[in-house]
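Chain residues, written in single-letter form:
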Amino acid sequence: DVKVTQSSRYLVKRTGEKVFLECVQDMDHENMFWYRQDPGLGLRLIYFSYDVKMKEKGDIPEGYSVSREKKERFSLILESASTNQTSMYLCASRLSFPGKAFFGQGTRLTVV
Amino acid sequence: DAKTTQPPSMDCAEGRAANLPCNHSTISGNEYVYWYRQIHSQGPQYIIHGLKNNETNEMASLIITEDRKSSTLILPHATLRDTAVYYCIVRVEAGGTSYGKLTFGQGTILTVHP
């Protein structure tokens, strides 16, 4: 099965720091996604990418940017971390339509 | 993508079938129905998807009504490890610029009891 690996399971950062969350998939999927999950709000899409160097804003892109220099790697960047970005971040990848999406194990980010 | 409605929670006895309903009355002809689940502290996991016909795989069965306005996910013999949040998602797969993004609702919390 496809493996989607997120670089950290738990992360603690200070307010104002630049934060990089890394995601790597091993099955040559074109499409990759970043979600955040908060209690009572469910999973919300931040950004997605449908090809190398291509990206689209999701539902809540403010305060985030992304980078996809190689097909297998999709990075989420918090330019200046704030406490309201404390959340669980989930990366996913998907090959084609219709098809199943594969999710990473999640990164629980705490901004203090 | 069509909106879905799921009950917030359901219970099931271990060993019995769990039947999780989903209403998608505004579904259009080219929209697929997907089911994912999320076990506590893990990323969501794909279960099954379908367009018109009923589908079955090693995890579950998906029953879609003839008018496609609702569907039911069936876990034939629920175990304690099936306790999770189950998400029903409807999305277009042909054309458009959504590039496969999945919009998750609140889902159904299924609790399997011993």
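Shown above is the structure to which this text applies.
Procedures and definitions
Residues numbered from 1 in each chain as written. Chains lettered and ligands numbered in written order. Predicted model: local features only at pLDDT ≥ 70, side-chain atom pairs only at ≥ 80, totals over all residues. Heavy atoms only, no water. Disulfide = S-S within 2.5 Å. Helix = DSSP H or I, 4+ residues; strand = E, 2+ residues; numbered from the N terminus. Buried < 20%, exposed > 50% of the residue type's maximum accessible area, 1.4 Å probe, protein only. Polar contact = N/O pair within 3.5 Å; in protein donor to acceptor, adjacent residues only side chain to side chain. Contact = heavy atoms within 4.5 Å. Buried area = accessible area lost by both parts, 1.4 Å probe. Salt bridge = Lys/Arg side-chain N within 4 Å of Asp/Glu carboxyl O. Nonpolar A, V, L, I, M, F, W, Y, C, P; charged D, E, K, R; others polar. Pairing = 2+ DSSP bridges. Axes fitted to C-alpha atoms, helices over the stretch in contact; angles between N-to-C directions.

**Examining the state of the cysteines**
Applying the stated criterion across every chain, the model contains two disulfides over all chains. Between Cys 23 of chain A and Cys 91 of chain A runs a disulfide, and the two sulfur atoms are separated by 1.9 Å. Note on the Cys 23 of chain A and Cys 91 of chain A pair: the S-S dihedral is about -80°, so by sign convention the disulfide is left-handed. Linking Cys 23 of chain A in strand 3 (residues 19-25) with Cys 91 of chain A in strand 9 (residues 87-94), this pair joins segments that are 68 residues apart in sequence. Looking at Cys 91 of chain A, the relative accessible area reads 0%, which means it is buried. At a sulfur-sulfur separation of 2.1 Å, the disulfide partner of Cys 22 of chain B is Cys 88 of chain B. Looking along the S-S bond of the Cys 22 of chain B-Cys 88 of chain B disulfide, the torsion reads about -80°, which is the left-handed sense. One end of the pair, Cys 22 of chain B, is in strand 2 (residues 18-23); the other, Cys 88 of chain B, is in strand 8 (residues 84-92), with 66 residues separating them in the sequence. Cys 88 of chain B carries the same exposure label as Cys 22 of chain B, and that label is buried. Cys 12 of chain B carries a free sulfur, and the closest cysteine sulfur to it, the one in Cys 22 of chain B, is 18 Å from it.

**A short note on the side chain of Gln 6 of chain B**
Residue and element names in this part refer to chain B. With respect to the helices, strands and loops of the structure, Gln 6 is situated in the segment before strand 1 (9-13). From its side chain, Gln 6 meets the backbone nitrogen of Cys 88 in a polar contact 2.9 Å long. Excluding its chain neighbours within four sequence positions, the residues that come into contact with Gln 6 are Pro 21, Cys 22, Trp 35, Tyr 86, Tyr 87, Cys 88, Gly 107 and Thr 108.

**Things to note about the interface of chain B and chain A**
Chain B puts 21 residues into the contact, and the matching count from chain A is 23 residues. Taking both partners together, chain B and chain A bury about 1,800 Å²; carbon and sulfur atoms supply 57% of that area. Inspection of the region where chain B meets chain A yields zero salt bridges. The tally of links between chain B and chain A comes to four residue pairs in polar contact (both at pLDDT 80 or more). At the level of elements, strand 3 (31-38), strand 4 (45-50) and strand 8 of chain B are the ones that each hand at least two residues to the side of chain B that touches chain A. Ranked by residues supplied to the side of chain B that touches chain A, first place goes to strand 3 of chain B with four residues. Counted by class, the side of chain B that touches chain A contains nine nonpolar, nine polar and three charged residues.

**So, the sheet that holds strand 7 (residues 64-70) of chain A**
Residues and elements named next belong to chain A. Pairing within the open sheet is antiparallel, and its four strands lie in the order 1-3-8-7. For this open sheet the edge positions go to strand 1 (4-6) and strand 7, each flanked by a neighbour on one side alone. Sheet twist, expressed as the average angle between the axes of neighbouring strands with direction ignored, equals 20°. With six bridges joining them, strand 3 and strand 8 (residues 73-78) adopt antiparallel strand pairing. Along strand 8, the bridge assignment pairs Phe 20 with Ile 77.

Read these as layout, nothing more, since geometry by itself doesn't imply function.
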